Structure formats: structure tokens, C-alpha cells
Amino acid sequence: MSQFDAKSPRHCAKQGFHIRKRHKKLLYTLCTILLSVISIIFIIYFIMRPSKPEFSLKQVDINQLNLSSSPQLVNSSIELTLLSKNPNQRVGIYYDELHVYASYKNQQITVPTSLPPFYQGHGDDNLLTASLVGTGLPVAPSFGYEVKRDQTVGKLVLYLKANGHLRWKIVSWVSGKYRFNVNCVAVLPFGPSIPSGPISTKQGTQCSTTV
């Protein structure tokens, strides 16, 4: 006669209870691990969240700003000094790329000048100098009129712009690349001696930075 095991309903109910209990323990463990990981990520983010670098304009010298006609082309030569500051006390900054150029009346008057890559430590300041040059750059027909009008007013507003890529360094970890943009405004005295120049300003102005 064949034999088989027959389990009572009470035994099956007890076994089902143990299975459900194991599933609940596994689910509880997984939820605990997930919450722990999320908490660690938020703690690191809020403690180590880097502040964007700060830039200020220290000096601008316009050595040349000449306009030729038919077609309208501009020749320019500008010396620029920027102060770069890392406001973070726990985060370093790698500047992998940095390009600087000048614009006037929303028209670019120099070609982008590349500065060498550098590393900026916690709370460090760096002076950056650049020679900006534009040779035969095309400008709008209204450019000459704008220059003469500002010459009459006695004030020239020049925009100095920088852009590039940076990386954050936290202890030994280094982030991926982030693009950043810097916008500075220089207000220079402008009179009949310009565009033969030179004119300069040492009035420090804070620049706006986006990352």
C-alpha cells in the first residue's frame, strides 16, 4: 500500500504564517538599507554641497579700439586682470578650461583667449591675467555710432566674459565636469583721445557666476 504524508489544515496555516513572517523581515531589511543609503546621500550633499566660485574684476586696460569702414571691422587690444576665489572650505576646484573674451554693445570685439588649467585649493585666491585681441572682427553698422555716442557721454561700458569647465574635489573624490559662465562689467572713462587710447580702470567690481 502506498504511503503519503497528509498535513492538517492547522499545520499548513502555521507554515504559511512562517513564510509571511520571513517575507516581512526581508521587506523590512530592504527598506532599512534603502533609507540608510538615501540618508547618507542627503547628509553628504548638504554637508559637502559646493558653493560656486567667485570672480571679481581688478583691472582693465584698453590699449586699442579702432574701427575701419567698408566693411565695418574692429581692431582691439585689451589687458584684463581677474581675481578668482574658491569660497569652499572643504571642496577644491579643478579648472580644466577657461576662455575669456570682451564684448561691447552685445558684439564680441575680441576672440576668446584660453587660460592654462589650474587647481584652486580650499578658500584660495588666484589672480588671472589675459591679453584679449581682436583683429578685423566684423561688427554691426551701428557700432561706430555707438562708440561716438559713448565718447560724447564720456563713459564706455565694457563686458568681460569667461566660460569653461570645472570639477569639484572632495577629499580624494573628483566630480565630473560642470560648465560655468562668468559675466563682468567694466565702466571706463571715455573721451576724445579714444579710440587711440589707452584707457584703464582699477575699480574692482564683482562678477556674476553661474554653474
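In this text the structure is predicted, and so the values were computed from the model without any measurement.

Counting residues in hydrophobic clusters, the biggest one holds 41 residues, and the most contacted among them are Leu-57, Val-60, Ile-62, Ile-109, Leu-158 and Leu-160. When contributions to this core are tallied by element, the ones reaching two or more residues are β1 (54-68), β2 (73-85), β3 (92-104), β7 (125-138), α2 (143-153), β8 (155-170) and β10 (178-189). With 7 residues, β8 is the largest single contributor of residues to this core. With residues near it in sequence (within four places) discarded, Leu-57 still touches Leu-80, Thr-81, Leu-82, Leu-160, Cys-184, Val-185, Ala-186, Gln-203, Gly-204, Thr-205 and Cys-207.

Using the criterion set out here, one finds 6 aromatic pairs in the structure. Seen in terms of ring centroids, Phe-55 and Tyr-95 are 6.3 Å apart; in terms of plane orientation they differ by 80°. Their pairing is edge-to-face. Of this pair, Phe-55 sits in strand β1 while Tyr-95 sits in strand β3; the two residues are 40 residues apart in sequence, bridging distant segments of the chain. A relative accessible area of 1% means that Phe-55 is categorised as buried. On the basis of relative accessible area, Tyr-95 is assigned to the buried category, the value being 1%. One aromatic cluster is present, built from ring pairs that chain together Phe-55, Tyr-95, Phe-118 and Phe-180.

On to the state of the cysteines. For the structure on display, the rule yields 1 disulfide. Here Cys-184 is linked by a disulfide to Cys-207, with a sulfur-sulfur distance of 2.0 Å. Because the sign of the S-S torsion sets the handedness, a value of about 110° for the bond joining Cys-184 and Cys-207 places this disulfide among the right-handed ones. Highlighted residues: Cys-184 in strand β10 and Cys-207 in the loop between β12 (205-206) and β13 (208-210), separated in sequence by 23 residues. This pair shows no difference in class: Cys-184 is buried, exactly as Cys-207 is.

Taken together, the side chains of Tyr-159, Val-185 and Val-187 present a nonpolar region at the surface, about 210 Å² in accessible area. For Tyr-159, the position within the fold is in strand β8. Using a relative accessible area of 33% as the deciding quantity, one classes Tyr-159 as partly exposed.

Within the structure shown, the criterion is met by 4 salt bridges. Asp-150 is paired through a salt bridge with Lys-105; the nearest N and O atoms lie 3.5 Å apart. Of the two residues, Asp-150 is situated in helix α2 and Lys-105 in the loop between β3 and β4 (107-108); the sequence distance between them amounts to 45 residues. The salt bridge involving Arg-149 is made with Glu-146; its shortest N-O contact spans 2.8 Å. In this pair, Arg-149 and Glu-146 are both assigned in helix α2, 3 residues apart and thus about one turn of the helix distant. Overall, Arg-149 belongs to the partly exposed group, its relative accessible area being 39%.

Listed in full, the buried residues belonging to α2 are Phe-143, Gly-144, Glu-146, Val-147 and Asp-150. Looking down the long axis of α2, one finds its buried residues gathered within 160° of arc, a one-sided arrangement. In α2, the exposed residues that point more than 90 degrees away from the buried face are Tyr-145, Lys-148 and Thr-152. Those residues of α2 that are buried are in contact with β1, β2, β3, β4 and β8. One or two residues past the end of α2 sits Gly-154, with phi positive at roughly 90°.

Definitions and limits used
- Residues numbered from 1 in each chain as written.
- Predicted model: local features only at pLDDT ≥ 70, side-chain atom pairs only at ≥ 80, totals over all residues.
- Heavy atoms only, no water.
- Core = buried A, V, L, I, M, F, W, Y, C linked by side-chain atoms within 4.5 Å.
- Buried < 20%, exposed > 50% of the residue type's maximum accessible area, 1.4 Å probe, protein only.
- Helix = DSSP H or I, 4+ residues; strand = E, 2+ residues; numbered from the N terminus.
- Contact = heavy atoms within 4.5 Å.
- Phe/Tyr/Trp six-rings, centres within 6.5 Å; stacked < 30°, edge-to-face > 60°.
- Disulfide = S-S within 2.5 Å.
- Patch = residues over 30% accessible without salt bridge, like charges linked within 9 Å, V, L, I, M, F, W, Y side chains within 5 Å.
- Areas by Shrake-Rupley, 256 points an atom, 1.4 Å probe, with all protein chains shown as cover.
- Salt bridge = Lys/Arg side-chain N within 4 Å of Asp/Glu carboxyl O.
- Arc of directions from axis to C-beta.

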